[in-house]
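Spelled out from the first residue to the last, the chains are:
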Amino acid sequence: MRNLDRIDRAILAVLQVQGRIANVELAERVGLSESACLRRVKQLDELGVISHYAAHVNAESVGLSGTVFVNVSLADQREESLRGFEAAIQSVPEVMECYLMSGEVDYMLRVVVAGTSDFERIHNQLTRLPGVARVQSSFALRPILKRTSLPLR
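Residues numbered from 1 in each chain as written. Predicted model: local features only at pLDDT ≥ 70, side-chain atom pairs only at ≥ 80, totals over all residues. Heavy atoms only, no water.

K.L.:
Mind laying out the side chain of D118, listing which residues take part and the relevant values?
P.N.:
Here D118 lies in helix α5 (residues 116–127). A relative accessible area of 15% means that D118 is categorised as buried. At 2.6 Å, the side chain of D118 and the side chain of R121 are in polar contact. (Helix = DSSP H or I, 4+ residues; strand = E, 2+ residues; numbered from the N terminus. Buried < 20%, exposed > 50% of the residue type's maximum accessible area, 1.4 Å probe, protein only. Polar contact = N/O pair within 3.5 Å; in protein donor to acceptor, adjacent residues only side chain to side chain.)

What follows is the structure, given as structure tokens:
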């Protein structure tokens, strides 16, 4: 992959905030011709620098007002156990993020819920996944900082 120059970073900074911006406006904002800007965006797509485009949906407006951070410990850390859990967690749609961790727990999840009874249902699902030995959960009280744009230097 090539190094990103000032123009690439400017394009990415705008697209992270306004993914649906018209190429004409994007080109004007970053100081390129329309065709040069379109070529750059296409190249950033092809190189995998831009992974996807998405709309950010307000979770509360669709009835998912709660966020729960869940630490999952497996009975063992054999590769087979890790693969089994990782395949199974894909089927839980409320799990928005899942990270393999170092330290005291094996996985950390970010789960969206409608409320405590909804989380009880999800908790029961999580405890039945392959290899799960322990689940510890913490409800987020309110978000303080939530970024979607990466710091581009």
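K.L.:
Before we move on, can you summarise the pattern of salt bridges with the specific residues and values?
P.N.:
Counted under the stated rule, the structure contains nine salt bridges. Where R29 meets E25, a salt bridge forms, and the shortest distance between an N and an O atom there is 3.8 Å. Taken as a pair, R29 and E25 lie in helix α2 (residues 23–30) at a separation of four residues, close to a single helical turn. Taking relative accessible area as the criterion, E25 reaches 37% and is therefore assigned partly exposed. Salt bridges sharing partners connect three or more residues here, namely D5, D8 and R40. (Salt bridge = Lys/Arg side-chain N within 4 Å of Asp/Glu carboxyl O.)

K.L.:
Let's hear about the sheet that holds strand β3 (residues 107–113): which residues, and what values?
P.N.:
In space, the four strands of this open sheet follow the order β2-β3-β1-β4, with antiparallel pairing throughout. Unpaired on one side and paired on the other, β2 (95–100) and β4 (132–139) mark the two borders of the sheet. Strand-to-strand, the axes of this sheet are offset by a mean angle of 20°, without reference to chain direction. Taken together, the seven bridges between strand β1 (residues 66–74) and β3 define a ladder with antiparallel strand orientation. What sits directly across from T67, in β3, is V112. Here helix α4 (residues 79–89) sits on the sheet and contacts β1, β2, β3 and β4; the angle it forms with β2, its principal contact strand, is near 165°. Along the sheet face, α5 touches β1, β2, β3 and β4 and points at about 160° away from the line of β4. (Pairing = 2+ DSSP bridges. Axes fitted to C-alpha atoms, helices over the stretch in contact; angles between N-to-C directions. Contact = heavy atoms within 4.5 Å.)

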